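Listed below, chain by chain, are the residues.
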Amino acid sequence: MEFFQQFAPPHPSPAIYASMVAIVLTTVAIFGGLTYFKKWGYLWREWLTTVDHKRIGIMYLIAALLMLFRGFVDALMMRAQLAMPDNQLLDAQHYNEIFTTHGVVMILFMAMPFIIAIMNYIVPLQIGARDVAFPRLNALSFWLFFSGAMLFNISFVIGGSPDAGWTSYFPLASNEFSQHVGTNYYMFSLQIAGLGTLISGINFATTILKMRAPGMTLMKMPMFTWSSFITNIIIVFAFPVLTVALAMGSMDRIFGTNFFTTADGGMDMLWANLFWIWGHPEVYILILPAFGLYSEIISTFARRNLYGYKSMVASMVVICLLSFVVWAHHFYTMGQGAFANSIFSITTMAIAVPTGVKIFNWLFTLWKGKITITVPMLYSMLFIPIFTIGGVTGVMLGMSAADYQYHNTMFLVAHFHLVIIPGVMFALLAGLTFYWPKMFGFMLNERIGKWAAWLLAIGTCVAFFPMFISGLDGQARRMYTYSEATGFGIWNMISFVGALAIGVAFLLIAYNIYYSTRYASRDISADPWDARTLEWSTHTPVPVYNFAVVPQVNSDQAFWDAKKHGHVLFKDGYKDIHMPNNSGLPIIMAGIFFVWGFSFVFSLWLPAIVTTIAIFACMAYQSFEKDDGYHIHVDTIEKTERKLGGHKQ
Amino acid sequence: MRKMKWAILLAFFTITSILTGCEPLTVLDPKGPQAERLAGDIILSMWIMLGVVVAVFVILIYMLVKYRASNQSDDYEPPHIEGNAIVEAICVGVPALIVIFLSVVTVQSNYIVESPVEVYEDKEPLVIYASSSNWKWHFSYPEQDIETVNYLYVPTNRPLEFKLYSHGPITSFWIPQLGGQKYAMADMTTTLHLGADVPGEYLGRNANFSGEGFAKNTFSVKAMNEDEFDEWVEEVKTTAEPLTEDTFNELLEPGHLGQLTFTGTHLSFSPPPLSHGSHNDKHEDEQGASDEQDVQDEHEHGHHE
Ligand code: HEM
Ligand SMILES: [Cu+2]
Ligand SMILES: [Cu+2]
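In this report, we go over the structure that sits alongside the text. (Residues numbered from 1 in each chain as written. Chains lettered and ligands numbered in written order. Predicted model: local features only at pLDDT ≥ 70, side-chain atom pairs only at ≥ 80, totals over all residues. Heavy atoms only, no water.)

So, the overall build of chain A
Here comes step 1: Helix and strand counts for chain A stand at 21 helices and two strands.
Here comes step 2: Relative to the globule expectation of 26 Å for 649 residues, the C-alpha radius of gyration of chain A, 25 Å, shows essentially globular dimensions.
Here comes step 3: Summarising its shape, the C-alpha atoms of chain A cover approximately 70 × 60 × 50 Å along the three principal directions.
Here comes step 4: The proportion of buried residues among the 649 residues of chain A is 65%.
Here comes step 5: Partitioning the contacts of chain A with sequence separation of at least 6, the portion at a separation of at least 24 is 82%.
Here comes step 6: If you sum the accessible surface of chain A, you get close to 22400 Å²; carbon and sulfur atoms cover 71% of it.
Here comes step 7: Charge-centre separation for chain A: the mean point of 36 positive side chains lies 13 Å from the mean point of 33 negative side chains. (Helix = DSSP H or I, 4+ residues; strand = E, 2+ residues; numbered from the N terminus. Rg over C-alpha atoms; globule rule 2.2 N^0.38 Å. Buried < 20%, exposed > 50% of the residue type's maximum accessible area, 1.4 Å probe, protein only. Contact = heavy atoms within 4.5 Å. Areas by Shrake-Rupley, 256 points an atom, 1.4 Å probe, with all protein chains shown as cover. Lys, Arg positive; Asp, Glu negative; His and termini not counted. Charge placed at Lys NZ, Arg CZ, Asp CG, Glu CD.)

Right, dumping it as structure tokens:
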């Protein structure tokens, strides 16, 4: 009995019990359904073991949308709790667990997989490749991410959620002050998911460097590919820092070392430094692909080439470099002195310059264009003003002296949400709508989509603008309650209304997917938006091999030039195509990683040792396995191409 | 330039006052020179940023209205435009100038907030040790040899030098109307310079999340002229109980407390940490820190075993 005690949630409430029941019922329903309809084999063969970047992309997408739901429910609970002074809806401990979960889920398990989803689906198509450089590693990346996300998500029903904020500052996150296993979950789920991301970063950097179609020089890469490339470079440099920090933090919690706890010479500030050396670049990991998406979308719907291609690339390179030299702006108030603060202040504000260049380039892309406002374009046009407000308040925060007054207040919360929601979330929804026809073969409804976009934008403004005011009035972030006398009540109530509007917008988006799945026409061309880059030059649905013939590229909008100027993309005849085999190893390994992480969270040493050995065994097995993939022969290609409506050019 | 700034300040106060039902926002209602400097910076940057936002909005709306498809003939084909050196120089140049200007302001402000308040130049700073424990604030006045919990009396027109540290998680000491916040940590002492011009009562709080009792981790600050302050010190000395080590250890137990007053300070038996890595807890026990009880003891007995 005592053994099972440790798995009980430390702060049980009806909501947690209800969630437990819901989780069990859903799981039973899914398993039962799969068994009843005899879909296990199909699922295993076609999805769980797939190494096809397109399917992996779609699995990332589904996971990200689920996590968006989870993260938003948490956000709504927080806003409901704060809507009125002295509210009793949540107690302090629950509020703390919820904002921690919200932060981690939104950044690491929603935004990250969402961008990787789109990268997975689009980058190989956009560079005219048949797959990524290491398809099986790609599957491993996904399953590691998924295993980390699931480990994190069970925390609130088994043993307790982390409660030290998504930044998990020590010594608050040490055993001394955070006594249940929550922070262990944080350490291990981020570690596992982070490994997946790092592998992904290496994979995509290699893919983009090595697998571009003939003729596609670096300066002819479409902007989304460029942004993905820079992003993956940042991943490769930033994520190892997180790995190390998490490993040290785990040791503090589980083996009683004192890297970050303040006993015996441990340094709490070391955690802050390591965390933000990863954490600041992380926000650019999220935003740069978003910028790439906006570039594609804006030039498509302005019917014009991207203005200032070279300066777009240059600005991303500069942002990438600067992102590694600003981390200390997250702790100006840690007593590092006027000189250090001045240096970090200047580097921080300097990022505004390349960012400004990008905004002006998008604005000038509209110049002399022929603008149609589709849903993806609407998101992009709503992004520009809201993001600008988020961005300029970032410059204000960058002024280190003034930051002494903004730090840890709702002003900061307003800033980063107004950057991250239009910057990342809008971009992803825009990208989702834009690429939906390529992924699923039908378009999402434009009318419902526009309602959702407007509602989302208005909701975002209503939810977050009041926080600038309450922040300047002294409302600290992460406060689970406040008294009537503070006068924060009105602002938080407005904020709550905004959050509700965001919720309605999400419902509309979900409804749109349902509605369009049922009613949208399946009779669309491969290029429904009249777009400009290679991913639109192949069939919809995209065949496994992406391109029957490898395209030949001669500009950064190869497909557009092919359409308008008669360039020939597909010159050669069909040849046999070599493809990788599916593999069950990635999902099995990730499953073992899940048990491994769970064992460490609860210090269950026997399974921890067994799974550690098993992980190495898998790696050994993999490295000795002989698997040369298979060939798709010319006649099969011909048949497929004919079925998809005749081969391209 | 200075006059301009004040005119702008005034205009902004009026706008925000109307917005918030006539009460200025705490941070923009400074009661001391440091806070005033920061409020000035904030408002200055707000105006500049407003300019940027307006510029972007205007360009965006212009483009959207002028170049929308429904405004053009069907056979209009947008031209291929690579870019333009002059336009791009402006796009880099103007933001760069703004950033340079704001950098100059910020660097100046950094040195101002990191040094004793200048306008009271002839006066020695009053040193107060402010340390946090879950979830309280302890204020030690070594010069006066008294200590308070959860409230602070300070003289006006005298530089205040706070020495900040923590008996637990990282906290942040913040009295928005007197100046910006700074962290208090268990393994180092940080210094914050503040000053009060106007007598009155202000709110102070821990601004950095520190666990369950964080939301109510506040304290009150009363600024008064020096004579009143001295009177108060005298009164404390004659009426308050002395602070013993045992009492202090009890105070460190996690929880909230009301306001308390003592003679003597905890600095004598529980000195503040000096700098990073200095082993201020002489924890000899080698049983290993994984022992939960052990860790607990160490916390509760602070740095004095
Ligand atoms: C969709 C509507 C959203 C709402 C209403 C919302 C609301 C909130 C609230 C109320 C907090 C806690 C503030 C506090 O007490 O300190 C918070 C924190 C946070 N949010 Fe959101 N949020 C939303 C979306 C997002 C998104 C899309 C992301 C990132 C992709 C995000 C990332 C974060 C992070 C990192 C924190 C800080 C967590 C922490 O303090 O440890 N949020 N949000
Ligand atoms: Cu420190
Ligand atoms: Cu940062």
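A closer look at the site of ligand 1
All names here are of chain A.
Here comes step 1: Taken together, 23 residues surround ligand 1, and among them Tyr95, His102, Trp166, His417 and Arg478 come closest.
Here comes step 2: Arg478 places a main-chain nitrogen or oxygen 2.6 Å from an oxygen atom of ligand 1.
Here comes step 3: Sorting the residues of the shell around ligand 1 by element identifies helix H4 (53–82), helix H5 (92–126), helix H15 (410–440) and helix H17 (489–519) as the ones contributing at least two each.
Here comes step 4: Its residues assigned to classes, the shell around ligand 1 comprises 16 nonpolar, four polar and three charged. (Near = heavy atom within 4 Å. Polar contact = N/O pair within 3.5 Å; in protein donor to acceptor, adjacent residues only side chain to side chain. Nonpolar A, V, L, I, M, F, W, Y, C, P; charged D, E, K, R; others polar.)

Overview of the packing of helix H9 (residues 268–301) of chain A against H15 of chain A
Residue and element names in this part refer to chain A.
Here comes step 1: The interhelical angle for the contact between H9 and H15, taken along N-to-C directions, is 50°, at an axis separation of 9 Å. Taken together, the axes of H9 and H15 are oblique relative to one another. You can see that H9 and H15 cross each other, and the crossing is left-handed. Between H9 and H15, the contacting residues are Leu286, Ile287, Ala290, Leu293, Tyr294, Glu296, Ile297, Thr300 and Phe301 on the first element and Val419, Ile420, Pro422, Gly423, Val424, Phe426, Ala427, Ala430, Gly431, Phe434 and Tyr435 on the second.
Here comes step 2: Of the residues contributing to the contact of H9 with H15, the split by class is 16 nonpolar, three polar and one charged. (Axes fitted to C-alpha atoms, helices over the stretch in contact; angles between N-to-C directions. Parallel < 35°, antiparallel > 145°, perpendicular 65-115°, else oblique. Left-handed = near helix turned anticlockwise from the far one by under 90°.)

A short note on the coordination of the iron atom of ligand 1
All names here are of chain A.
Here comes step 1: Looking at the metal site, the iron atom of ligand 1 is ligated by His102 (NE2) and His417 (NE2), spaced 2.0 Å from it.
Here comes step 2: In this structure, the iron atom of ligand 1 is coordinated by six donor atoms arranged in octahedral fashion, with angles at the metal of 87 to 179°. Of this pair, His102 sits in helix H5 while His417 sits in helix H15, and the two are 315 residues apart along the sequence.
Here comes step 3: Overall, the relative accessible area of 12% leaves His102 in the buried class. (Donors = N, O, S within 2.8 Å, 3.2 Å for Na, K, Ca; no water. Tetrahedral: all angles 85-135°; square planar, octahedral: opposite > 155°, others 65-115°.)

A word on the sheet that holds strand S6 (residues 171–174) of chain B
Residues and elements named next belong to chain B.
Here comes step 1: An order of S4-S10-S9-S6-S7 is seen for the five strands of this open sheet, with the pairing classed as mixed. Only two strands of the sheet have a single partner each, and these edge strands are strand S4 (151–155) and strand S7 (182–184). Within the sheet, the average angular offset between the axes of one strand and its neighbour, ignoring direction, is 30°.
Here comes step 2: Running over the sheet, helix H4 (residues 226–239) touches S4 and strand S10 (218–224) and is turned about 135° from S4. (Pairing = 2+ DSSP bridges.)

Here we look at the sheet that holds strand S5 (residues 160–166) of chain B
Residue and element names in this part refer to chain B.
Here comes step 1: If you trace the seven strands from one edge of the open sheet to the other, you get S8-S5-S1-S2-S3-S12-S11, paired in mixed fashion. The open sheet terminates on both sides in strands that have one partner only, identified here as strand S8 (190–194) and strand S11 (241–242).
Here comes step 2: Sheet topology places strand S3 (residues 146–149) next to strand S12 (residues 260–263); four bridges connect them, and they run antiparallel. The partner of Glu147 across the bridge, within S12, is Phe262.
Here comes step 3: Running at roughly 150° to strand S2 (residues 136–141), helix H5 (residues 245–252) makes contact with strand S1 (126–133), S2, S3 and S12 of the sheet.

A closer look at the coordination of the copper ion (ligand 3)
Residue and element names in this part refer to chain A.
Here comes step 1: For the copper ion (ligand 3), the full set of protein donor atoms is His280 (ND1), His329 (NE2) and His330 (NE2), at a range of 1.6 to 2.0 Å.
Here comes step 2: Ordering the donors of the copper ion (ligand 3) by residue number gives the pattern H-x48-H-H. With His280 in helix H9 and His330 in the loop between helix H10 (309–322) and helix H11 (337–350), the pair connects residues that are 50 residues apart, well separated along the chain.

Remarks on the pairing of S10 of chain B
Residue and element names in this part refer to chain B.
Here comes step 1: Taken together, the five bridges between S4 and S10 define a ladder with parallel strand orientation. Bridge pairing links Leu152 to Val221 in S10.
Here comes step 2: By the bridge criterion, six bridges tie strand S9 (residues 200–206) to S10 in an arrangement that is antiparallel. Bridging across to S10, Arg205 finds its partner in Thr218.

Here's the deal with the side chain of Ser599 of chain A
Residues and elements named next belong to chain A.
Here comes step 1: Along the chain, Ser599 falls in helix H19 (residues 585–601).
Here comes step 2: Exposure remark for Ser599: the relative accessible area of 2% places this residue in the buried category.
Here comes step 3: Contact partners of Ser599, with chain neighbours within four places excluded, come to Leu604, Pro607 and Ala608.

Structural notes on the interface of chain A and chain B
Here comes step 1: Counting from both sides, the interface comprises 91 residues of chain A and, opposite them, 93 residues of chain B.
Here comes step 2: Here chain A meets chain B over a buried area of about 7800 Å², counting both sides, of which 69% is carbon and sulfur.
Here comes step 3: Taken as a group, Lys370, Tyr404 and Gln405 of chain A account for 10% of the area that chain A buries against chain B, more than any other trio of residues on that side.
Here comes step 4: Run the count over chain A and chain B and you get zero salt bridges.
Here comes step 5: Of all the secondary-structure elements, those providing two or more residues to the side of chain A that touches chain B are H5, H9, H10, H11, helix H12 (352–366), helix H13 (375–398), helix H14 (400–406) and helix H16 (446–472) of chain A.
Here comes step 6: Among the residues forming the side of chain A that touches chain B, the class breakdown is 51 nonpolar, 28 polar and twelve charged. (Buried area = accessible area lost by both parts, 1.4 Å probe. Salt bridge = Lys/Arg side-chain N within 4 Å of Asp/Glu carboxyl O.)

Some remarks on a nonpolar patch on the surface
All names here are of chain A.
Here comes step 1: On the surface, a nonpolar cluster with roughly 580 Å² of combined accessible area is contributed by Met251, Phe255, Phe259, Trp605, Ile609 and Ile613.
Here comes step 2: Considering every element that reaches the nonpolar patch, the biggest residue donor is helix H20 (residues 605–624), with three residues.
Here comes step 3: Relative to the helices and strands, Ile613 is located in helix H20. (Patch = residues over 30% accessible without salt bridge, like charges linked within 9 Å, V, L, I, M, F, W, Y side chains within 5 Å.)

Concerning the side chain of Glu114 of chain B
Here comes step 1: Following the sequence through the fold, Glu114 of chain B ends up in the loop between helix H3 (85–113) and S1.
Here comes step 2: Reaching out from Glu114 of chain B, the side chain makes a polar contact with the side chain of Lys182 of chain B at a distance of 3.0 Å.
Here comes step 3: Residues contacting Glu114 of chain B, with those up to four places away along its chain left out, are Ala338 and Tyr404 of chain A together with Lys182, Thr191 and His193 of chain B.

Here's the deal with the nonpolar core
Here comes step 1: Core analysis: the largest hydrophobic core is formed by 263 residues, its most contacted members being Phe109, Trp271, Trp362, Ile384 and Phe426 of chain A.
Here comes step 2: Looking at this core element by element, the count peaks at 23 residues for H5 of chain A.
Here comes step 3: Filtering out sequence-adjacent residues up to four positions away, Trp362 of chain A remains in contact with Phe291, Tyr294, Ser295, Ile298, Leu306, Met312, Phe383 and Ile384 of chain A.
Here comes step 4: Counting 31 residues, the second largest nonpolar core, distinct from the first, contains Leu160, Phe162, Tyr202 and Phe219 of chain B. (Core = buried A, V, L, I, M, F, W, Y, C linked by side-chain atoms within 4.5 Å.)

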